[in-house]
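Examination of the molecular architecture
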Amino acid sequence: AVCLAQTSSPHQKTSASFFNGPPYRVGPPVTLTSTTPEAEELIVNDPNNAANMVGVITDYSLRNINEGTSKYVVSNNGGATWTQSFVPLVGVNLVTGDGVQWLDNRDPSVAIDKLGNVFVAGVYELLANSQQGSAGTPHPPAGVYACQATLPSVALTATNCHPVFAVTSNPN
């Protein structure tokens, strides 16, 4: 994932924004993560402090290319530097607050509210350490989970990742 960070270089041109706000400058691209391949990148700003930014991606570096893992990145200096972490894991398996271990998650989303709470959500699929059913099963176990942490140092743990909706047994 790449982010364009703000800079105060006097050599870059500025112009008034479309919304008639103060002028801003865009700096060089910054690499947010150190692993590949990845997809589905999203970045949001803290509504109270634009220097705080959180992003999420689907990362495919931990297991085979078909099983994604959400990774989140945090910047507290307007995107100049970033820290990166995976959502909670036990080994290479994803783990959630209900004690379920998953092989795959994707379709990440991220939001920050006015209280500084960060919410990272995604779709979790394919139970780890259990029978998945026969090939071609139309509805394997899956769920939508949301994890919550607080700025400025976002630290997601399994205990703060809760199901919004989950089916943890094979319905077939």
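Notes on the structure in this doc start here. (Residues numbered from 1 in each chain as written. Predicted model: local features only at pLDDT ≥ 70, side-chain atom pairs only at ≥ 80, totals over all residues. Heavy atoms only, no water.)

Section: the packing of aromatic side chains
Going through the model one piece at a time under the given rule, you end up with three aromatic pairs. When the centroid spacing of 5.7 Å and the interplanar angle of 65 degrees are considered together, the rings of tryptophan 102 and tyrosine 145 count as edge-to-face. With a gap of 43 residues between them, tryptophan 102 in strand 9 (residues 101-112) and tyrosine 145 in strand 11 (residues 142-150) connect regions that are remote in the sequence. An identical accessibility class is assigned to tryptophan 102 and tyrosine 145; each is buried. An aromatic cluster of three or more residues is present, and its members are Trp102, Tyr124 and Tyr145. (Phe/Tyr/Trp six-rings, centres within 6.5 Å; stacked < 30°, edge-to-face > 60°. Helix = DSSP H or I, 4+ residues; strand = E, 2+ residues; numbered from the N terminus. Buried < 20%, exposed > 50% of the residue type's maximum accessible area, 1.4 Å probe, protein only.)

Things to note about the side chain of aspartate 46
Following the sequence through the fold, aspartate 46 ends up in the loop between strand 3 (38-45) and strand 4 (53-59). The side chain of aspartate 46 is buried and forms no salt bridge, while lysine 114, the nearest opposite charge, is found at 9.7 Å. A distance of 2.9 Å separates a polar atom in the side chain of aspartate 46 from the backbone nitrogen of asparagine 48. Leaving out residues up to four positions away in the same chain, aspartate 46 has contacts with Asn52, Ile112, Asp113 and Leu151. (Lys, Arg positive; Asp, Glu negative; His and termini not counted. Salt bridge = Lys/Arg side-chain N within 4 Å of Asp/Glu carboxyl O. Polar contact = N/O pair within 3.5 Å; in protein donor to acceptor, adjacent residues only side chain to side chain. Contact = heavy atoms within 4.5 Å.)

Let's talk about the state of the cysteines
Applying the stated criterion to the full structure yields one disulfide. In this model, cysteine 147 is linked to cysteine 161 through a disulfide, with the two sulfur atoms separated by 2.0 Å. One disulfide, between cysteine 147 and cysteine 161, carries an S-S torsion of 110 degrees and so falls in the right-handed class. Of this pair, cysteine 147 sits in strand 11 while cysteine 161 sits in strand 12 (residues 161-167), placing them 14 residues apart in sequence. Comparing cysteine 147 with cysteine 161, the two get one shared label, buried. (Disulfide = S-S within 2.5 Å.)

So, the sheet that holds strand 6 (residues 83-86)
Taken in spatial order, the four strands of this open sheet run 3-4-5-6, and their pairing is antiparallel. With one partner strand each, in any of the chains shown, strand 3 and strand 6 form the two edges of the open sheet. The average angle at which neighbouring strand axes cross in this sheet is 20 degrees, direction not considered. When strand 3 meets strand 4, the two strands line up antiparallel, connected through six bridges. Its bridge partner lying in strand 4, asparagine 45 is registered against methionine 53. (Pairing = 2+ DSSP bridges. Axes fitted to C-alpha atoms, helices over the stretch in contact; angles between N-to-C directions.)

Structural notes on unusual backbone geometry
Backbone torsion omega between threonine 36 and proline 37 reads -5 degrees, so that peptide bond is classified as cis. A cis amide bond, omega 5 degrees, links leucine 151 with the succeeding residue proline 152. Within the fold, proline 152 resides in the loop between strand 11 and strand 12. Although it is not a glycine, glutamate 40 adopts a positive phi angle of roughly 60 degrees. Residue classification places glutamate 40 among the partly exposed residues on the basis of a relative accessible area of 32%. In this model, aspartate 107 sits at a positive phi of 55 degrees, which is unusual for a non-glycine residue. You can see aspartate 107 is positioned in strand 9. Among the residues examined, aspartate 107 registers a relative accessible area of 44% and is labelled partly exposed.

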